[in-house]
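Each chain is listed here by its residues.
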Amino acid sequence: MTPDATNQEPSTNDAQIIVRNVTMAYGSFVLMSGLNFVVRRGDIFIIMGGSGCGKSTLLRHLIGLKDPATGEIIYGDVNFTKAGPEVRERLLRRFGVLYQSGALWSSMTLAENVGLPLGEFTDLTPGQIREVAALKLSLVGLKGFEDFYPSEISGGMQKRAGLARAMALDPEVLFFDEPSAGLDPISSRLLDDLILELRDNLGATIVVVTHELASIFTIANNSVFLDAESRTQIASGDPHDMLAHSTDLRVRRFLTRGQEGGDSAGSHG
Amino acid sequence: MAMLAMMQLLRRRGRANTELMAVNSQAIARQGTVSFRRADGTLIVGLAGPWHLGKDVPSASVLSKELSSGTPPRRLSFDTAQLTHWDSGLISFLTQASEICRTRGIAEDREGLPHGLRRLVELAEAVPEKKGARSAGLKVSFLARVGNASISSGLAISEFLGFVGELTVALGKFVRGKARYRKIDLMEAIEQCGADAVGIVSLIAFLVGVILAFMGAVQLSQFGASIYVADLVGIGMVRDMGAMMTAIIMSGRTGAAFAAKLGTMKVTQEIDALTTMGISPLEFLVLPRTLALILMMPLLCVFADLVGILGGMFVGVGMLDLSVTNYVRETISTLTLVNLFGGMIKATVYGALIAIAGCLRGFQCGNSSSAVGDAATRAVVMSIVMVVVACGVFAVVFNFLGI
């Protein structure tokens, strides 16, 4: 682990998400073990690592779609791993998740997609819900698309609509699974700006799974680095510090696109 | 990186070849050939003509045959002066040749190969084969397979029971008015399993009525008792066939549709999106579908009974010279309300079974498009099996109760 990791032992009231000794496993196959990190309130926290190392699986653990084999995940002062279904459900309502493909409900229009959580968890009237939904859609640049079905808009727009839905209930924590996958460089940049805006203006904590270096260095102020080979985290902390100070070859290679540390595949290019 | 390099090489190679083609267009051979020459311990492999994938180029077994005959050489080199054209066909030959050289301990000299070709062969060998990557195809012993199958069927049963239990809880919530679902979804599901199914159900029910009538007519008319065709068709349709045929149609029509729809939602993470929003997919997706089937199946069943009786009457009046009045009076006199309600109860239960099978298989769907197809197939098989088993159970129970 990098020296940075020790600096960020948090004062507990600052911590939003605490991951303690988590092991992720499919049956008897251990994917990752010994995961320990803290996401502080207002962080933009990156989960990074090579393809197939378990980044998205870690995200699934954080949002309760999968339970850790051992260890625990704590939100604020609630132990998410040990909580009963009702506590969990209440906690889940404070999260927003943007899935890799957007995961909009295909049988509903964009306004209905964004409005569904509002209808389920608030006392707003249908008219108010529509207004709020239109507002959230205009925040992501989809004004006027309220009555479109997900299949009628492009992939990038679906992703933005998914973000509007994730923001519907003004969540405290937003999770992004590979937000820039499938987006052109400009859209991806705009999404990064949007993420920063959300953190600064809504005060949301943001957790992003990505391996886009440009994004990472634009938005992140904290991160964890997963390594598929050793099946654990090999670094954590601010990626800028990692780039500046990390002595781990694997981390350096990742953060410099293989230009340091003699990556054989890179030399062909 | 590697892909890019490969594409560049292929493009460069393509250009060179068109030039070559232009020069040699008269003299080129029709297909790639390989020849062998020996010079003091070295086997020189001569590659000539155009080597195209799929154009019947020599396989690497020629090389191993050549190596086996005569004294084994110490080195292997290539002569490509006559080579006019090449693509992946030649690369595949060369990688196999390298493999043969490695296993036989023969040194390989690739100097004679064109530059691009050499680079591609090196690229193919750059990343060593991952250990264990091939183990998926390994044979599993008979006992292990039996064991795995038993474990997974045990898990399947507990999964099924868990699902039924959760669905029961959701139904309880629905009764107390606490379930979270959209009314419009329920209405859509009702339309899909009710009104939309009327056409196919009436066609099948009518034909089943006709078939029953024919079956009875042949035997009964021998005794001059053709009027009893009405009894046969009436009781047959109302007690069993109406519910059964409707159930089988709905398994194929609606059960499969449920599984495919939920399976697709699983693949596109729409179900995950519901869960993480704190909305139970079971209440939101399964409950309306199950309710719709439970509500619509008895209605469809009564409708099928009626159409089936019409089918029987069509045969009775058309072929057996019975009058419509007589046929109807005979049918009414033989049918009891108990028969009718028995059929409707069966239909309700079948409806629940079809919904459970469809939705469970949809939820269990894997993460690919082929898994969605599998889920739909498995849903139909499972629901038809469950319907037939339930039908048998009903027969025993009704018999026991004297209905």
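Residues numbered from 1 in each chain as written. Chains lettered and ligands numbered in written order. Predicted model: local features only at pLDDT ≥ 70, side-chain atom pairs only at ≥ 80, totals over all residues.

Engineer: What am I meant to see in the overall build of chain A here?
Structural biologist: When its secondary structure is counted, chain A shows 10 helices and 10 strands. Over its C-alpha trace chain A gives a radius of gyration of 19 Å, about what one expects of a compact globule, namely 18 Å for 269 residues. If one aligns the C-alpha atoms of chain A with their principal axes, the spans along those axes are about 55 × 45 × 35 Å. Residues counted as buried form 43% of the 269 residues belonging to chain A. Contacts spanning at least 24 positions in sequence make up 64% of the contacts within chain A whose residues lie at least 6 apart. (Helix = DSSP H or I, 4+ residues; strand = E, 2+ residues; numbered from the N terminus. Rg over C-alpha atoms; globule rule 2.2 N^0.38 Å. Buried ≥ 20, exposed ≤ 12 C-beta atoms within 10 Å, placed from the backbone. Contact = placed C-beta atoms within 7 Å.)

Engineer: Can you walk me through the overall build of chain B in this structure?
Structural biologist: The helix and strand tally for chain B stands at 13 helices and 5 strands. Radius of gyration (C-alpha) of chain B: 35 Å, far over the 22 Å computed for a compact globule of 403 residues. Seen through its principal axes, chain B has C-alpha atoms that stretch 105 × 60 × 50 Å. Scored against the burial criterion, the 403 residues of chain B give a buried share of 35%.

Engineer: Quick question: what am I supposed to make of the sheet that holds strand S5 (residues 78-79) of chain A here?
Structural biologist: By definition, the strands of a sheet pair up through backbone hydrogen bonds, in either a parallel or an antiparallel sense. All names here are of chain A. Here we have 4 strands laid out as an open sheet, ordered S2-S1-S4-S5, and antiparallel in their pairing. With partners counted over all chains shown, the strands left at the sheet margins are strand S2 (29-40) and S5, one partner each. In this sheet, strand S4 (residues 70-75) lies alongside strand S1 (residues 15-26) in antiparallel orientation, the contact comprising 5 bridges. Paired with Val-19 across the strands is Ile-73, a residue of S4. Strands in contact with helix H2 (residues 55-62) are S1, S2 and S4; relative to S1, the strand with the most contacts, it is inclined by about 120 degrees. (Pairing = 2+ DSSP bridges. Axes fitted to C-alpha atoms, helices over the stretch in contact; angles between N-to-C directions.)

Engineer: It is not clear to me how unusual backbone geometry should be interpreted in this structure. Could you clarify?
Structural biologist: Of note, the phi angle at Glu-178 of chain A is positive, near 45 degrees, even though the residue is not glycine. Considering the arrangement of structural elements, one finds Glu-178 of chain A in the loop between strand S7 (173-177) and helix H7 (185-202). Positioned with a positive phi, Gln-269 of chain B is a non-glycine residue whose angle comes to about 65 degrees.

Engineer: Looking at this model, I keep getting lost on the nonpolar core. Mind explaining?
Structural biologist: Nonpolar side chains tend to gather and get buried jointly when the protein is soluble and globular. Ranked by size, the top nonpolar core spans 147 residues in total, and within it Ile-47, Leu-137, Phe-175, Ile-206 and Val-207 of chain A together with Tyr-350 and Ala-379 of chain B carry the most contacts. In this structure, Ala-379 of chain B is in contact with Gly-255, Ala-256, Phe-258, Ala-259, Ala-357, Gly-358 and Arg-361 of chain B, ignoring residues within four places of it in sequence. If you look at the next biggest cluster of nonpolar residues, it comprises 19 residues, including Val-34, Val-45, Leu-83 and Phe-93 of chain B. (Core = buried A, V, L, I, M, F, W, Y, C linked by C-beta atoms within 7 Å.)

Engineer: Help me out: how do you make sense of the confidence of the model for chain A in this one?
Structural biologist: Low-pLDDT stretches of the model should not have their predicted coordinates read in fine detail. Residue and element names in this part refer to chain A. Scored by pLDDT, chain A comes out at a mean of 85, with 92% of its residues at no less than 70. Of all helices and strands in chain A, the one with the weakest mean pLDDT is helix H1 (residues 4-7) (42), whereas strand S8 (residues 205-209) scores best (93). Below a pLDDT of 50 lies the segment residues 263-269, which in the model reaches 15 contacts outside its immediate sequence neighbourhood of four places, other chains included. (pLDDT = per-residue confidence, 0-100.)

Engineer: Explain the environment of Leu-291 of chain B to me, please; I cannot follow it from the model alone.
Structural biologist: All names here are of chain B. You can see Leu-291 is positioned in helix H10 (residues 281-319). Accessibility expressed as a C-beta count within 10 Å gives 22 for Leu-291, which makes it buried. Separated by 44 residues in the primary sequence, Leu-291 and Ala-247 have C-alpha atoms spaced 15 Å apart.

Engineer: Just checking my understanding: could you explain the environment of Gly-49 of chain A for this structure?
Structural biologist: Residue and element names in this part refer to chain A. On the secondary structure map, Gly-49 appears in strand S3 (residues 44-49). Given 25 C-beta atoms within a 10 Å radius, Gly-49 is considered buried. When the C-alpha positions of Gly-49 and Gly-84 are compared, they lie 32 Å apart, and in sequence the two are 35 residues distant. For Gly-49, the residues in contact, after removing those within four places along its chain, are Lys-55, Phe-225, Leu-226, Asp-227 and Ala-228.

Engineer: Would you mind going over the packing of helix H12 (residues 337-363) of chain B against helix H13 (residues 369-401) of chain B with me for this structure?
Structural biologist: Residues and elements named next belong to chain B. Taken N-terminus to C-terminus, the directions of H12 and H13 make an angle of 150 degrees; their axes are 8 Å apart at the nearest point. As the angle between them shows, H12 and H13 are arranged roughly antiparallel. The hand of the H12/H13 crossing is right-handed. Note on element contacts: H13 touches H12 through Ala-375, Arg-378, Ala-379, Met-382, Ser-383, Met-386, Val-387, Ala-390, Phe-394 and Phe-398, opposite Gly-342, Lys-346, Val-349, Tyr-350, Leu-353, Ile-354, Ala-357, Gly-358, Arg-361 and Gly-362. Of the residues assigned to the contact of H12 with H13, the class counts are 13 nonpolar, 4 polar and 3 charged. (Parallel < 35°, antiparallel > 145°, perpendicular 65-115°, else oblique. Left-handed = near helix turned anticlockwise from the far one by under 90°. Nonpolar A, V, L, I, M, F, W, Y, C, P; charged D, E, K, R; others polar.)

Engineer: Explain the sheet that holds S3 of chain A to me, please; I cannot follow it from the model alone.
Structural biologist: Residues and elements named next belong to chain A. Spatially, S6-S7-S8-S3-S9-S10 is the arrangement adopted by the 6 strands of the open sheet, whose pairing is mixed. Each of the sheet's edge strands pairs with one partner strand only, and the pair in question is strand S6 (95-98) and strand S10 (232-236). On average, each strand axis in the sheet is inclined to that of its neighbour by 20 degrees, with strand direction left out of account. Where S6 lies against S7, 4 bridges are found, and the strand directions are parallel. Across the sheet, residue Phe-95 finds its bridge partner in S7, namely Val-173. Its contacts with the sheet put H2 on S3, S7, S8 and strand S9 (222-227), and the angle it makes with S3 is roughly 140 degrees. Across the face of the sheet, H7 comes into contact with S3, S7 and S8 while running at roughly 155 degrees to S8.

Engineer: What am I meant to see in the pairing of S10 of chain A here?
Structural biologist: Within a regular beta strand, the side chains point alternately toward one face of the sheet and then the other, so they alternate between its two faces. All names here are of chain A. Sheet topology places S9 next to S10; 4 bridges connect them, and they run antiparallel. Bridged to Val-224 within S10 is Ser-236. Linking two consecutive strands that pair antiparallel, namely S9 and S10, is a turn of 4 residues; a positive phi of about 55 degrees is found at Arg-231 within it.

Engineer: When you look at the confidence of the model for chain B in this model, what are you seeing that I'm missing?
Structural biologist: Within chain B, residue pLDDT values average 87, and 91% of them lie at 70 or more. Here the prediction assigns the complex a pTM of 0.78, and the interface score ipTM is 0.82.

Engineer: Explanation requested: the environment of Glu-260 of chain A in the structure shown.
Structural biologist: All names here are of chain A. As for its position among the elements, Glu-260 is in the segment after helix H10 (249-255). Its 15 C-beta neighbours within 10 Å are what place Glu-260 among the partly exposed residues. C-alpha of Glu-260 to C-alpha of Arg-250: the two residues are 10 residues apart in sequence and 9.5 Å apart in space. If near-sequence neighbours (up to four positions away) are discounted, Glu-260 is found in contact with Arg-252 and Arg-253.

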